[in-house]
Amino acid sequence: MAKFVTLDGNEAAARIAHLTNEVIAIYPITPASPMGELCDAWSAVGRKNVLGTVPSVIEMQHEGGAAGAVHGSLQAGAMTTTFTASQGLLLMLPNMFKIAGELTPTVFHIAARSIATHALSIFGDHSDVMAARTTGWAMLASSSVQEAQDLALVAHIATLESRVPFLHFFDGFRTSHEVNKIEQVPETDIEQMLRPDLIEAFRHRCLTPDRPILRGTAQNPDVFFQAREACNLYHDAVPATVTGVMAEFEKRTGRSYHLFGYTGAPDATTVIVMMGSGAGAVEDAVRHLTSQGRKVGLLTVRLYRPFSVMDFLEALPKTAESIAVLDRTKEPGAVGEPLYTDVVGALVEGWREQGGETLPRVIGGRYGLSSKEFTPPMAAAIFDELEEPNPKRHFTIGINDDVTHLSLAWDPDGLHEPKENYRAVFYGLGSDGTVGACKNTVKIIGEHTDLFTQGYFVYDSKKSGSMTVSHLRFSPEPIRSSYLVRHASFVACHQAQFLDRHDMLELAEPGATFLLNTTHGPDEVWETLPVEVQQAIIDKDLRFYVVDAYAVAESAQLGRRINTVMQTCFFGLAGVIPTEEAVAAIKEAIHKTYGKRGESVVERNCQAVDQALASLHAVEVPSETRGGRHQIPPVPTDAPDFVRRVTAMMIAGKGDLLPVSALPVDGTFPTGTAQFEKRRIALQIPIWDPDICIECGLCSLMCPHAAIRSKAFDTAQLQWAPPGYRARQAKAKELEGLSMTIQVAPEDCTGCGVCVDVCPAKSKEVAKHKAINLEAIDDHLDVERANYDYFLGLPEFDRREIPRESVRGSQLLEPLFEYSGACAGCGETPYVKLVSQLFGDRMLVANATGCSSIYGGNLPTTPWSVNSEGRGPAWSNSLFEDNAEFGLGMRLALDQQRSQAAYLLEQLADVLPGDAVQELLAGGDGSEQWLLSQRERVANLRKALAGVDRPAVKELLAIADVLVPRSVWIIGGDGWAYDIGFSGLDHTIASGRNVNILVLDTEVYSNTGGQASKATPRAAVAKFAAGGKAVGKKDLGMIAMAYGNAYVGQIAIGGNPRHAVKTLLEAESYPGPSLVMAYSNCIAHGINMETSMTHQKDAVTSGYWPLYHYDPRHAKVGDHPFVLDSRKPTTRFADYAAKEGRFAMLARANPESAARLMELAQADISERWRWYEQMAGVERTIPQASNENGNGKGQGESS
Amino acid sequence: MNVDLTTEYLGLKLRNPVVVSACPLTESLDQLRGFEAAGAAAAVFPSLFEEQIVGEERNIDELHEFGTESFAEALDYMPELVGYNTGPDGYLQSLEQAKRAVDIPIIASLNGSSRGGWVKYARSMVSAGADALELNIMFIPDDVFVDSQEVEARYVDLLSAVREAVDIPLAVKVGPYFSSTANMARRFMLAGANGLVLFNRLLEPDIDLYELEVKPKLVLSHVEEFRLPLRWIAILRDQLDISLAATSGVHRPEQALKLLLAGADVTMVTTSIYRHGAGALTRIVEGIRDWLGNNDYESVAQMRGSMSKNNCPDADAYGRGNYMKAIVSYTGEWV
């Protein structure tokens, strides 16, 4: 009997991969990471493959490493696989050529994703797999979750039969993350299809000293070409092999696949050819249009390489007159995109040979780049275009191209979904459990009914306070609709505040049910809704229900986790399953999900389920709107033009409507846009009590979002202050006579509470009352908004007067990194913000891909900002792996420009005032005073050259600004610095050039969800180290110090804030490479992020994170360049570790192993401390280089 | 001279009156074997705290839920492990192992926070093979609207509920803060307690002068603390037919002997073990034996309670009179 399971595409493919392989080399990359994570977790618990052994799973340092390990493992005779996407696949290409050239069978499973071009995108298209089409690999495309499983197996058998390696791919997110009910392939079928003779043949070709061979020779012009052609027969045989395997698969499972699948009218005249998940949308359109008598069809490509012309033509109706080939990729400059050119070529080669007469007309279209929605109405528009007498030869669909006018128009409201589908949409907050509950709902209905189910989840671009939208479908028929719900029968808003900013009833179809979680009862809720929402409810005749899910969750001790409450209400209203049955099923799911976490967790959730329906109330909808509450515009009306025209649309969730002309042509965006996105996500905000404050500056320093700031200002300014504005006479000596204030940005604060946790000033009368206290935002919003506006208008303090090496002083500097979308309480952003305060007005940033590039550069708004003079950090992200080199390149360019400027200055010395050239090139002490003077000198230079008509003038003026020293910062996380980017980092340090490298060390790959890196400490649990990391953390600092001429510092802003400030200043001032490792808390540490800085203190006092700096300027006789800045450990590592979930959970799950690893971890710390202590006593003399490229100092660079 | 050290506590025949009281050490099999070898007559397992179990489960749950399903690249942050040993299973498993590892009786100890929890966990402990159960009941009645009757009723109700659920011997370990300690002791007996453990040492809070925070502080007992149970055991010995265990301040044989003289059936030791290891038990047992021998006692049974309130030369000494004498002598000595 068929077994149905409800899972996503990644799990479907990963299960087959784990069952059929012996070695799995992995590396995290979105959206393929879950495949590796699942395999790692399965092997960790001893799950076996069909051969009866537990596959060996190893995490590598990057995808290139993974491919290398796969290659080696295959050569040594183990069936081996890997998973990747996007840039990761590109890193595997060199090995892929080799693996194919050596006719080595393997399957790589790819969650296809955009390749970064003008921007990075984590979402799905085929630009990555298309870049691999020349490798010689067979390419098999799955277009649904069911296919992701089935074709994974087909690929594995076919590769063993054919010896040609297979790239099995499916669309990132749309398939990899879509949850769908599929029929599972039984293990027995897999076992039987994986014939012993196939494995034996594979093993027989492996390297063994018992049958020694040599593979991987270097060949010369005499034979290389012939040898390259020698494999032809194997590639030629692949289509027949795959057809055979598909036939065998059908025999066993009943599911039929062909190299090219066709659906639609047998006598279709217009046909769409495509591959991947978009086929689902076209299929829905074809079904609809053929029911109206249209002669349309869809040809889905499954085996893309080798492209079998004969099979393609056989599948294509002979009646086809007009064909549209859709590519989910872009190949600028090509005749057409790859699939288009293949189809054209195939038709030219074979149409007439197959008996066809007039060659069908073929047009090519691009669609769905970066998961752009692709819907049945779009497919219908393509069919319409095909029937035009002169269709566009090349077109795009899904966007409005008002520049090159390639896009086709479509009717967004056209083609309703099949009536039998029940469609529901849920809007939730990231932290409220909505997505988890929706996934459970899909499973419950999938497993308890005969209905087919589908769930797809859309996430926000921010990491904190983000909105999630869950799209669910239920149907008696298998669901192939690979697009978002467009007309929902049920809409749930789990967070009432969303109604103020988002048009979430847009998707509700007339007569739909609308469920709102609100603290207002059915009789009072109406007037609390924005008028626009009221009107939509009336216009669409919605059935409106409310529930106070927070109250229910609170009484069940679930805090703000409302997932089970809302889920129960959905079942109560939707009627998909009888309510009693649904409640029982929800409870069963609760047991399954939470059972191993403990009985009390299960009990609390079940209690919430029991109380939910009693709290659900129908609202009698009035016939008219009431009250004056309106939705809030996405950005202020006085925002800059670009922000109003473009950014605002993205913020409002209407970015799809932006035409091509609205977007920059080269990925260049203005900075300083986060200030316009007033997200207002905090429930509580910090309020300052000036009477208690000691002006330490810690609150501002530690704020991850630059949402609490300090200023010192002339007291006279207070005359314009809003009534009751909080300020006081500054106590600090350097601020004598001035007023000072600490001010919250109420709509930008995330309410993380870090500022309160670090505030050392307590009331003498009530000890719990600090100088900063969290209070309900509703009680303060209006006042604090006005206060913050006033605060921003206060003049910035003169940078020359600020003792920036002190914590207090550093916080009087304007942050040029503000309101990022990082997680609430993020441990990285305080460093980034601090660097922006210290050097932001002359800073270039090379940012490695990762958390910092996402919260730093993910649209719609970005936090890097500008000061009142228009200066600020210039930021760019290249890749994950090349960031150090990227930043080094910036330095090289700046140094070169400076050399050129110096040369031109000499050329123009005769027209410049007396010692201007000398002064401009003299360099200085790097102080703010000198920097200001240098800026003035450059300004004077411009004035002096204004009327001079010589060629050198124009050239000089274009680069003269580099005479003010640039501060190059290379920023990234530990995944970059310790693993994937390490060789570049090493090379950059070795270059001796003046760059500043800031490693935001969270000790895991934070951005992809906490996979272990080489920075992960021993005994910590992380993904890919579920049993606790067995080996110690790499000592990156010592490796860098080995060069001798690099400044190296290790800091923890919460452990010793002054040390952090001082070290960053020193590092920047060093005229060579500087490396600073900054301890950064992360959600993946399993801590309450509010207390993250306290954890940093514990990390330092336990010796876990010793503070030190190594300054080559002290590497001379009689001096000690290495200084251990923290005190001897005063607490045990175990005390620190017990407070962090990453360590503590192992102690719960596996006490023996935890005890052993903890003991070793303590030994690591003790031994390192002993070593460092000795290092601190060591004299070291580093010879100073003399040439301009080796001493780290650019030509004429100041220090 | 051959002295009979045996005693009976909660109906259990013990080889001597020295028992290891509830502390983390007794959960270690190695330690437990050492205690048995050093002469301990029984051991009380560390308390199973219902609040701790619930708290740990909640922590594990939050660890896995925090930050999840919020951002497309990181749908979660922690790998889900096979299990977390939450709930009482780990404790019960240790209890079973302890029972197999040593021959001396093992008394399980329970500190519940809900009525259901007390009963549920008590039953589990019986199933795990506990020879007896010590109910470690501690409330801080900090609500000014809750009167003493209500507080006392809570104690008795809990005890009754557990008594109804299990049939192994039950001891009640309580603090000394009752308006009528003697009456409460009687009510415990009537509600089915087989013994009283006097007294629970509450971990009183402390204030950190640097951080201005209230912090719990684990302080080992002071030797003079034995005098509080001494008084109440002497008072209760003659009035109640119930096992009496003395705990707090039993550091050396002298304290044990005094408590036995006052009427204790057993004396419980922790601090000395922490300070001096299992050998402390041997020293106490042997010290008792020596004193009894040297003073021509035949057995512990002979001397037990011989200095109870009724049996001592000056019954008033256990009451207020003792207080007045102390004040007078104190003043007299130093003035």
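Sequence order as written defines residue numbering, which begins from 1 separately in each chain. The lettering of chains begins at A and the numbering of ligands begins at 1, in the order of writing. Only residues with pLDDT of at least 70 get local features here, since the model is predicted, and only at 80 or more are side-chain atom pairs given and counted; chain-wide, interface and lining totals rely on the full set of residues. Side-chain measures were taken over the full set of non-hydrogen atoms in the model, leaving aside hydrogen atoms and water.

**Q** Even after reading the chapter, I still don't get the pattern of salt bridges, so can you show me in this structure?
**A** Note on pairing: side chains with opposite charge can pair once their charged atoms come close. Any carboxyl oxygen of Asp or Glu within 4 Å of a side-chain nitrogen of Lys or Arg constitutes a salt bridge here. Under the counting rule described, the total for this entry stands at 85 salt bridges over all chains. The shortest N-O distance in the salt bridge between B:D208 and B:K215 comes to 3.1 Å. Of the charged contacts in the structure, one is a salt bridge between B:E254 and B:R252, with a shortest N-O distance of 4.0 Å. Throughout, exposure labels follow a simple rule: accessible area from a 1.4 Å probe, protein chains only, divided by the maximum for the residue type, with under 20% read as buried, over 50% as exposed, and the rest as partly exposed. What makes B:E254 partly exposed here is its relative accessible area of 41%. One salt-bridge network, held together by shared partners, links A:E147, A:E283, A:D284, A:R287, A:R302 and A:R480.

**Q** I would appreciate a short explanation of the interface of chain B and chain A in the present structure.
**A** How big an interface is tends to be expressed through the accessible area that disappears when the partners come together. Residue-level contacts link 34 residues of chain B with 54 residues of chain A. Along the contact surface separating chain B from chain A lie 8 salt bridges. Notably, a salt bridge pairs B:E65 with A:R597, separated by 2.7 Å at the nearest N-O pair. The nonpolar class holds Ala, Val, Leu, Ile, Met, Phe, Trp, Tyr, Cys and Pro. Asp, Glu, Lys and Arg form the charged class, and all remaining residues, Gly among them, are polar. Its residues assigned to classes, the side of chain B that touches chain A comprises 15 nonpolar, 7 polar and 12 charged. In this analysis, two residues are considered to be in contact whenever any of their non-hydrogen atoms come within 4.5 Å of each other.

**Q** What's the story with the packing of aromatic side chains in this structure? I'm lost.
**A** Think of a pair of aromatic rings as described by two things: how far the centres are apart, and how the planes are tilted against each other in angle. Residues and elements named next belong to chain A. Stacked, edge-to-face and tilted are the three classes for Phe, Tyr and Trp ring pairs, Trp counted by its six-membered ring, which pair at centre distances within 6.5 Å; planes under 30 degrees apart are stacked, over 60 edge-to-face, the rest tilted. Counting across every chain of the model gives 44 aromatic pairs over all chains. Each ring, one from F108 and one from W137, has its centre 4.5 Å from the other, and the planes form 55 degrees; the classification is tilted. Note that F108 is positioned in strand β5 (residues 107-112) and W137 in the loop between α5 (127-131) and β6 (138-141), a separation of 29 residues in sequence. According to the relative accessible area criterion, W137 is buried, its value standing at 2%. Measuring from centroid to centroid gives 5.5 Å for F260 and F312, while their planes differ by 70 degrees, and the two rings are edge-to-face. Taken as a pair, F260 in strand β9 (residues 260-264) and F312 in helix α12 (residues 309-315) lie far apart in primary sequence, 52 residues in all. Of the residues examined, F260 reaches a relative accessible area of 5% and is grouped as buried. Taking the relative accessible area as the measure of exposure, F312 reaches 0% and is therefore buried. Put simply, the rings of Y422, F426, F474, F490, F570 and F571 touch in pairs and so form one group of aromatic residues. The residue whose ring lies beneath R305 is Y304, and the NZ or CZ to ring-centre distance is 4.3 Å. Secondary structure follows DSSP: runs of H or I at least 4 residues long count as helices, runs of E at least 2 residues long count as strands, and numbering of each begins at the N terminus. Whether a charge sits over a ring depends on NZ of Lys or CZ of Arg being within 6 Å of the ring centre and within 35 degrees of the ring normal.

**Q** What should I look at first to understand the sheet that holds strand β20 (residues 508-517) of chain A in this one?
**A** Backbone hydrogen bonds hold the strands of a sheet together, and the pairing may be parallel or antiparallel. All names here are of chain A. Only strands joined by at least two bridges in the DSSP assignment are considered to pair. Reading across from one edge, β1-β8-β17-β18-β16-β19-β20-β21-β22 is the order of the 9 strands in this open sheet, with mixed pairing throughout. The sheet is open, and its two edges are formed by β1 (4-8) and β22 (616-619), each paired on a single side. Adjacent strand axes in the sheet meet at a mean angle of 20 degrees when their direction is disregarded. Along the sheet face, helix α6 (residues 145-162) touches β1 and β8 (179-183) and points at about 50 degrees away from the line of β8. Axes here mean lines fitted to C-alpha atoms, for a helix over just the part in contact, with angles spanning 0 to 180 degrees between N-to-C directions.

**Q** So what exactly am I meant to see when it comes to the UniProt feature "site: Important for catalytic activity" (unreviewed entry) in chain A here?
**A** UniProt positions are given in the numbering used here, feature names are shortened, and annotations may be inferred rather than shown by experiment. Per the UniProt record, "site: Important for catalytic activity" (unreviewed entry) is found at A:T30, A:E63, A:R113 and A:N1007. Owing to a relative accessible area of 2%, A:E63 belongs among the buried residues under this scheme. Contact partners of A:E63, with chain neighbours within four places excluded, come to A:Y27, A:P28, A:I29, A:T84, A:G88, A:L91, A:M92 and A:I980. One can find A:N1007 in the loop between β32 (1004-1005) and β33 (1011-1012). Apart from the residues lying within four places of it in its own chain, the contact partners of A:N1007 are A:K463, A:G850, A:C851, A:I854, B:F71, B:E73 and B:A74.

**Q** Even after reading the chapter, I still don't get the side chain of A:R728, so can you show me in this structure?
**A** Checked against the element boundaries, A:R728 lands in strand β25 (residues 728-729). Each polar contact in these results corresponds to two N or O atoms within 3.5 Å; when the atoms are within protein, one needs to be able to donate a hydrogen and the other to accept it, and residues that are neighboring in sequence are counted only if both atoms are side-chain atoms. At 2.6 Å, the side chain of A:R728 and the backbone oxygen of A:P690 are in polar contact.

**Q** Explain the state of the cysteines to me, please; I cannot follow it from the model alone.
**A** We call a pair of cysteine sulfur atoms a disulfide whenever their separation is within 2.5 Å. Taken as a whole and assessed by the stated rule, the structure comprises 0 disulfides over all chains. The closest cysteine sulfur to the non-disulfide-bonded A:C755 is located on A:C752, 6.3 Å from its own sulfur.

**Q** Is there a simple way to think about the confidence of the model for chain B in this case?
**A** It should be kept in mind that the predicted coordinates are not to be read in detail where pLDDT is low. Residues and elements named next belong to chain B. Confidence of the prediction at every residue is given by pLDDT, a number between 0 and 100. Summary statistics for chain B give a mean pLDDT of 91 and a share of 95% for residues scoring 70 or more. Highest mean pLDDT in chain B belongs to strand β3 (residues 18-20) (98); lowest belongs to helix α12 (residues 320-334) (53). Below a pLDDT of 50 lies the segment residues 330-335, which in the model reaches 0 contacts outside its immediate sequence neighbourhood of four places, other chains included. The ipTM assigned to the predicted complex is 0.91, against a pTM of 0.93.

**Q** Would you mind showing me how to read the sheet that holds strand β7 (residues 170-174) of chain B here?
**A** Residue and element names in this part refer to chain B. If you walk around this closed barrel you meet the 8 strands as β3-β4-β5-β6-β7-β8-β11-β12, and the pairing is parallel. Ignoring strand direction, the axes of neighbouring strands in this sheet form an average angle of 25 degrees. Looking at chain direction, β3 and strand β4 (residues 42-49) are connected through 2 bridges and run parallel. Bridging from a neighbouring strand, V19 pairs with A42 of β4. In the packing of helix α5 (residues 148-165) onto the sheet, the strands contacted are β6 (132-136) and β7, and the crossing angle to β7 comes to about 160 degrees. The strands touched by helix α7 (residues 227-237) are β8 (195-198) and β11 (243-247); relative to β11, the strand with the most contacts, the crossing angle is about 170 degrees.

**Q** Help me understand the UniProt feature "domain: Dihydroorotate dehydrogenase catalytic" (unreviewed entry) in chain B, please; the structure alone is not making it clear to me.
**A** UniProt annotation of "domain: Dihydroorotate dehydrogenase catalytic" (unreviewed entry) refers to residues 85-291 of chain B when read in the numbering used here. Taken end to end, residues 85-291 of chain B is 45% helix and 18% strand, and its first and last C-alpha atoms sit 47 Å apart.

**Q** Would you mind going over a nonpolar patch on the surface with me for this structure?
**A** Residue and element names in this part refer to chain B. The residues that make up patches have over 30% relative accessible area and no salt bridge, and they are joined within 9 Å when like-charged or within 5 Å when they are Val, Leu, Ile, Met, Phe, Trp or Tyr. Residue exposure ignores everything except the shown protein chains as possible cover, and the areas themselves are Shrake-Rupley values with a 1.4 Å probe. On the surface, a nonpolar cluster with roughly 450 Å² of combined accessible area is contributed by I207, L209, L212 and V214. Within the element layout of this structure, I207 appears in strand β9 (residues 205-208). On the basis of relative accessible area, I207 is assigned to the exposed category, the value being 54%.

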